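# Geometric and topological summary
What follows is the residue order along each chain.
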Amino acid sequence: QTMLTLGDISGGLVKAVFFGFVISLISSYMGLQAKSGAKGVGEVTTFAVVISLISIFILNYFLSLVIF
């Protein structure tokens, strides 16, 4: 309890909002690009997950610099 501050909690909540926005934006965009049936949906889903993970790592780095 002595190590946890309000800034830590609010920083985590701000990061969660940004992460949720980025994941939903990437997933929605990639979902609209899906073609050729179930195979295309599977490929686009995999690609969206990979792009989302990379984006979250990069965004986490920059948000950590700004917030903490």
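Overview of the structure. Residue positions are given per chain, counted from 1 along the sequence in the order it is written. For this predicted model, a pLDDT threshold of at least 70 governs which residues receive local features, and a threshold of 80 or more governs which side-chain atom pairs are given and counted, while totals over whole chains, interfaces and linings are taken from all residues. Hydrogens and water are ignored here; the side-chain numbers use all heavy atoms of the structure.

## What about the overall build of the protein chain?
Strands are runs of DSSP state E lasting at least two residues, helices are runs of H or I lasting at least four, and both sets are numbered from the N terminus onward. When you go through the protein chain residue by residue, the secondary structure sums to 2 helices and 0 strands. The globule rule used for comparison is 2.2 Å times the number of residues to the exponent 0.38, while the radius of gyration itself is calculated over C-alpha atoms. In terms of overall size, the protein chain is more extended than a compact globule, its C-alpha atoms giving a radius of gyration of 16 Å where 68 residues would be expected to give roughly 11 Å. Partly exposed residues are those whose accessible area sits between 20% and 50% of the maximum for their type, while under 20% is buried and over 50% is exposed, using a 1.4 Å probe and protein chains only. Looking at the protein chain as a whole, 18% of its 68 residues qualify as buried. The contact rule is simple, with two residues in contact once any of their heavy atoms fall within 4.5 Å. Across the protein chain, every contact between residues at least 6 apart in sequence was considered, and the portion connecting residues at least 24 apart equals 73%. Here the open area of atoms and residues is found with the Shrake-Rupley method and a 1.4 Å probe, where only the protein chains shown may cover a residue. In the structure as shown, the protein chain presents an accessible area of about 5,300 Å², 75% of it carried by carbon and sulfur atoms.

## So, the packing of aromatic side chains
For this analysis, a ring pair means two rings from Phe, Tyr or Trp (six-membered ring only for Trp) whose centres lie within 6.5 Å, classed as stacked if their planes differ by under 30 degrees, edge-to-face if by over 60, and tilted for the remaining angles. For the coordinates displayed, the defined rule picks out 1 aromatic pair. Here Tyr 61 and Phe 62 contribute two aromatic rings whose centre-to-centre distance is 5.2 Å and whose plane-to-plane angle is 75°, an arrangement assigned as edge-to-face. A residue is classified by how much of its surface remains accessible, and Phe 62, at 49% relative accessible area, is partly exposed.

## Focus: the side chain of Lys 15
With respect to the helices, strands and loops of the structure, Lys 15 is situated in helix H1 (residues 6-32). When charges are tallied, Lys and Arg are placed among the positive residues and Asp and Glu among the negative ones, while His and the ends of the chain are skipped. The working definition used for a salt bridge is a side-chain nitrogen of Lys or Arg within 4 Å of a carboxyl oxygen of Asp or Glu. No salt bridge is formed by the buried Lys 15, whose closest oppositely charged neighbour, Asp 8, lies at an N-O distance of 9.4 Å. Polar contact is the term for a pair of N or O atoms within 3.5 Å; when the atoms are in protein, one must be able to donate a hydrogen and the other to accept it, and sequence-neighboring residues count only if both atoms are side-chain atoms. A distance of 2.7 Å separates polar atoms of two side chains, one belonging to Lys 15 and the other to Asn 60. A polar atom in the side chain of Lys 15 sits 2.8 Å from the side chain of Ser 64.

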